[in-house]
Protein chains: 2
Amino acid sequence: MKPTIRDVAKMAGVSISTVSRVMNAPDTVVESKRSRVMEAIEALKYQPNAFARGLIYKKSFTLGLLIPDIENLYFAGVIRGMQDACIKLGYSLMICNTDRDKERTLSYIDTFHEKQVDGVVFASDVLYPEYYEKLVGCRIPFVLVSSHSDEYEVASVEVDDEKAAYDAVKFLIELGHQEIGMIGFNHDNSVSGPPRVAGFVRALKEFGLERNVEKVKYANHRFEQAYQASHELFSDYPELTAVFCVADEFAMGTISYLKDRNILVPGQVSVIGFDNLRMSGMFIPKLTTIAQPIYQLGYRAAEKLHELLTTGSVAVMKEKMEHKLVVRESSREK
Amino acid sequence: MKPTIRDVAKMAGVSISTVSRVMNAPDTVVESKRSRVMEAIEALKYQPNAFARGLIYKKSFTLGLLIPDIENLYFAGVIRGMQDACIKLGYSLMICNTDRDKERTLSYIDTFHEKQVDGVVFASDVLYPEYYEKLVGCRIPFVLVSSHSDEYEVASVEVDDEKAAYDAVKFLIELGHQEIGMIGFNHDNSVSGPPRVAGFVRALKEFGLERNVEKVKYANHRFEQAYQASHELFSDYPELTAVFCVADEFAMGTISYLKDRNILVPGQVSVIGFDNLRMSGMFIPKLTTIAQPIYQLGYRAAEKLHELLTTGSVAVMKEKMEHKLVVRESSREK
DNA sequence: TTCTATTTAGAAAAGCTTTTCAAAGCGATT
DNA sequence: AATCGCTTTGAAAAGCTTTTCTAAATAGAA
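The name recorded for chain A in an unreviewed UniProt entry is Substrate-binding domain-containing protein, from Paenibacillus phytohabitans.

Take a look at the structure:
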């Protein structure tokens, strides 16, 4: 049996109130008793029962995190940042991997509700009405990371997807490329899909390359799909000398495909990715990419949620963080 | 304010006991009241308070997971397996990333204690006496995954590292390689380090290649270090035609290094990895590797912990799971 | 020495649920 | 009609902590 405050009190020969005070307001109890109590706590390895405290404080000091795919390195970075922030702010973290499954996501929200998490961070997925309704129905405060909502008033932290995509494509154009394709996210279950093609289109138009606007294929988050999409892209448009991939994993899939077709990267085709995963500097060739501040995104999301929890609102609703172009080996002048 | 059982009772015009019964033993309450209660629950979106229940059941139905590095794809797989098992078994999961930091690990154990997790699985790191003492001091049941303990009697699930390493090296030898090196884990903070060199050595001796036994360099879990270790390895032993890397990430580091030195893989040097990460099939060249059943390891660990929690002990203490050789593109006949 | 002011400590309530125990209701049997 | 037995319900206790309120003890001042 775990020791309770009662056991400590008995051992130290004081009342339970005194023990409680030793832990929460030490200077209101006289030195002699205080040290006796502390010895007893030490001896019994007493740790106050979080259930009992939760009942009083109505807080669990636990945050929930909903992520679509734990095997995606992008989210590993987000988790890391978020966890560090949680340590700083005194929260524990409960991470749930939804696999982008509605059923499962909803059931995790129930779990969060039952476990009384103080708030949740919802990562990267689109905030379907069901999710929103359930979250507010359960009165759980939440913020979005790498996502946002046009329908609802929800706090969010992300990168400027349109601008980032624009920068990527502009970089390719300034390298002298004229025939540029794109591998994008399927629009129907992605938040960043549309703005990234918007950026692609804007850059093309600005430089008079409208003819490329159609040269887009879509894939669904994973390498294999991007490989397939590249196949379609290059079958339809063999003239391409550069491709903008909206994820580093897509860039790897594209490069793999090109490699299998004996097309050199960056010799014949330049590829630029998006995210700057830890793996991207390890790939061969090392990926040129738009770096997201992944760790900071996670960190900031936790801070924002904390702000929401403590003040009841948030200073800036839709927050954007800076992206950065990282030039490595997968791109070259035309 | 979140609704309590009292609110439901009032709304349905019954006592709180009846409401409780509707949720826990529905057939002991007469249909008419039951449906009134259920309507009230629905209307208020009532969810029983986990703190109050925890106080009674003395269980949180939450498991803790301590992992060394969330940005390592190996652990992403373990987490996935473990989380799926948790869903099946009715647990929530609290994941903590230790960065292999003692201080931090110990403090997470405190958190687990305070939050009253029912048990924890401890992944891949060595079970230092401090950890062991603290865990048993806090009376937290735990199991090890991808790790084991010689000092203590602790349940564990892992792969047979010695045998797996032996198989990897034997494969290289049977391909005709005679000059074989190895990139291993530093021994001082790794569980699988020593058995994997043991397997390396056994295979070499069995085939009369003892002269290679010294050709080992060590790295510390990450790509960059493996890159550096490869540099040392090939500077000391330029005659090598094959290298056994104890992690796919090391294999990637080694291949990167060789690429930078214009040494072809597998043309001039064969490289075999270990783990079979999701990324390994995406690398160029695709990695030949010893596949660990990563997902199953995580899944099994959760089941084992559950067994420990429910029966008080575990049928088989030190459990081994099967590894498998996966031949892809990074290896070739000599 | 006595009274006031202040510090320190304990008793009890509150927080929410589950479960035990007792009571009430009801039909059926004698 | 009275009793028995079963079903159904409610009251109350338990689980552990924090906090409020009250009481006791101490120190200081008159």
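Asks: Help me out: how do you make sense of the overall build of chain A in this one?
Replies: Across its full length, chain A holds twelve helices and twelve strands. In terms of its C-alpha atoms, chain A occupies a principal-axis envelope of roughly 85 × 40 × 35 Å. Looking at chain A residue by residue over its 334 residues, the buried ones come to 59%. Contacts spanning at least 24 positions in sequence make up 71% of the contacts within chain A whose residues lie at least 6 apart. Here chain A displays about 13400 Å² of accessible surface, and carbon together with sulfur accounts for 50% of that area. Here chain A holds 40 positive side-chain charges and 45 negative ones, and the gap between their average locations is 7 Å.

Asks: Looking at this model, I keep getting lost on the domain arrangement of chain A. Mind explaining?
Replies: One frequently used descriptor of interface size is the decrease in accessible area upon assembly of the parts. All names here are of chain A. Taken domain by domain, chain A consists of domain 1 (5-48), domain 2 (59-158 + 294-317) and domain 3 (161-292). The C-alpha centroid of domain 3 is placed 29 Å from the C-alpha centroid of domain 2. The junction of domain 2 with domain 3 conceals about 1100 Å² of combined surface from both sides, 54% of it contributed by carbon and sulfur atoms. Three residues stand out in domain 2 for area buried against domain 3, namely L73, R100 and I294, and they jointly supply 40% of the buried area on that side. Run the count over domain 2 and domain 3 and you get two salt bridges. A salt bridge links E71 to R222; the nearest nitrogen and oxygen atoms lie 4.0 Å apart. Here domain 2 and domain 3 share four residue pairs in polar contact (both at pLDDT 80 or more) between them. Listing elements by their share of the side of domain 2 that touches domain 3, those giving two or more residues are α5 (73-89) and α12 (294-311). Residues belonging to the side of domain 2 that touches domain 3 are distributed by class as follows: six nonpolar, four polar and five charged.

Asks: Would you explain the protein's contact with DNA strand D in this entry?
Replies: The local shell around DNA strand D holds 27 residues, among which I5, Y46 and I56 of chain A together with T18 and R21 of chain B are the closest. For DNA strand D, the fraction of protein-proximal atoms (within 4 Å) that sit in sugar or phosphate groups is 63%. A distance of 2.9 Å separates a phosphate oxygen of DNA strand D from a polar side-chain atom of S20 of chain A. Contact between DNA strand D and Y46 of chain A: a phosphate oxygen at 2.5 Å from a side-chain N or O atom of the residue. Among the elements of the structure, α1 (5-12), α2 (16-24) and α4 (50-57) of chain A together with α2 (16-24) and α4 (50-57) of chain B are those that each provide at least two residues to the surface near DNA strand D. Per-element accounting of the surface near DNA strand D gives the leading share, five residues, to α2 of chain A. Grouping the amino acids of the surface near DNA strand D by side-chain chemistry returns twelve nonpolar, nine polar and six charged.

Asks: How should the relation of the copies chain A and chain B be read in this particular structure?
Replies: The second copy of the chain is related to the first by a rotation about an axis and a shift along the axis. The two copies are related by a screw operation: chain A maps onto chain B through 180° of rotation and 0.0 Å of translation along the axis, at an RMSD of 0.1 Å. Taken together, the rotation and translation relating the two chain copies correspond to the operation of a two-fold axis. Both copies present the same face, since 100% of the interface residues in chain A are matched by interface residues at the equivalent positions in chain B.

The rules behind these values
- Going along each chain's sequence as written, the residues are numbered from 1 onward.
- Numbering of ligands from 1 and lettering of chains from A proceed in the order in which they are written.
- Reporting in this predicted model follows two pLDDT cut-offs: at least 70 for local features of residues, and 80 or more for side-chain atom pairs to be given and counted; totals over whole chains, interfaces and linings ignore these cut-offs and use all residues.
- Side-chain numbers come from the whole structure's heavy atoms, not from hydrogens or water.
- The secondary structure listing takes helices from DSSP runs of H or I that are at least 4 residues long and strands from runs of E that are at least 2 residues long, numbered from the N terminus.
- Between buried and exposed lies partly exposed: a residue is buried under 20% and exposed over 50% of the maximum accessible area for its type, with that area taken using a 1.4 Å probe on protein chains only.
- Contacts are assigned to residue pairs that have any heavy atoms within 4.5 Å of one another.
- To be clear on the numbers: accessible area is Shrake-Rupley with a 1.4 Å probe, and residue cover counts the displayed protein chains and nothing else.
- Charged-residue counts in this description rest on Lys and Arg as positive and Asp and Glu as negative, His and the chain ends being excluded.
- A charge is said to be at NZ when it belongs to Lys, at CZ for Arg, at CG for Asp and at CD for Glu.
- Either an automatic procedure or a domain database provided the assignment from which the domain bounds are taken.
- By buried area we mean the combined loss of accessible area, with a 1.4 Å probe, across both parts when two parts are placed together.
- Counted as salt bridges are all cases of a side-chain nitrogen of Lys or Arg within 4 Å of a carboxyl oxygen of Asp or Glu.
- Pairs of N or O atoms within 3.5 Å make up the polar contacts considered here, provided that, within protein, one atom can donate a hydrogen while the other can accept it, and that residues adjacent in sequence are counted only when both atoms are side-chain atoms.
- Three classes are used, and their members are as follows: Ala, Val, Leu, Ile, Met, Phe, Trp, Tyr, Cys and Pro are nonpolar, Asp, Glu, Lys and Arg are charged, and the others, Gly among them, are polar.
- Note on definitions. A residue lies near a molecule or strand when any single heavy atom of the residue is within 4 Å of it.
- The superposition of copies rests on a least-squares fit of C-alpha positions from residues with pLDDT of 70 or more in both.

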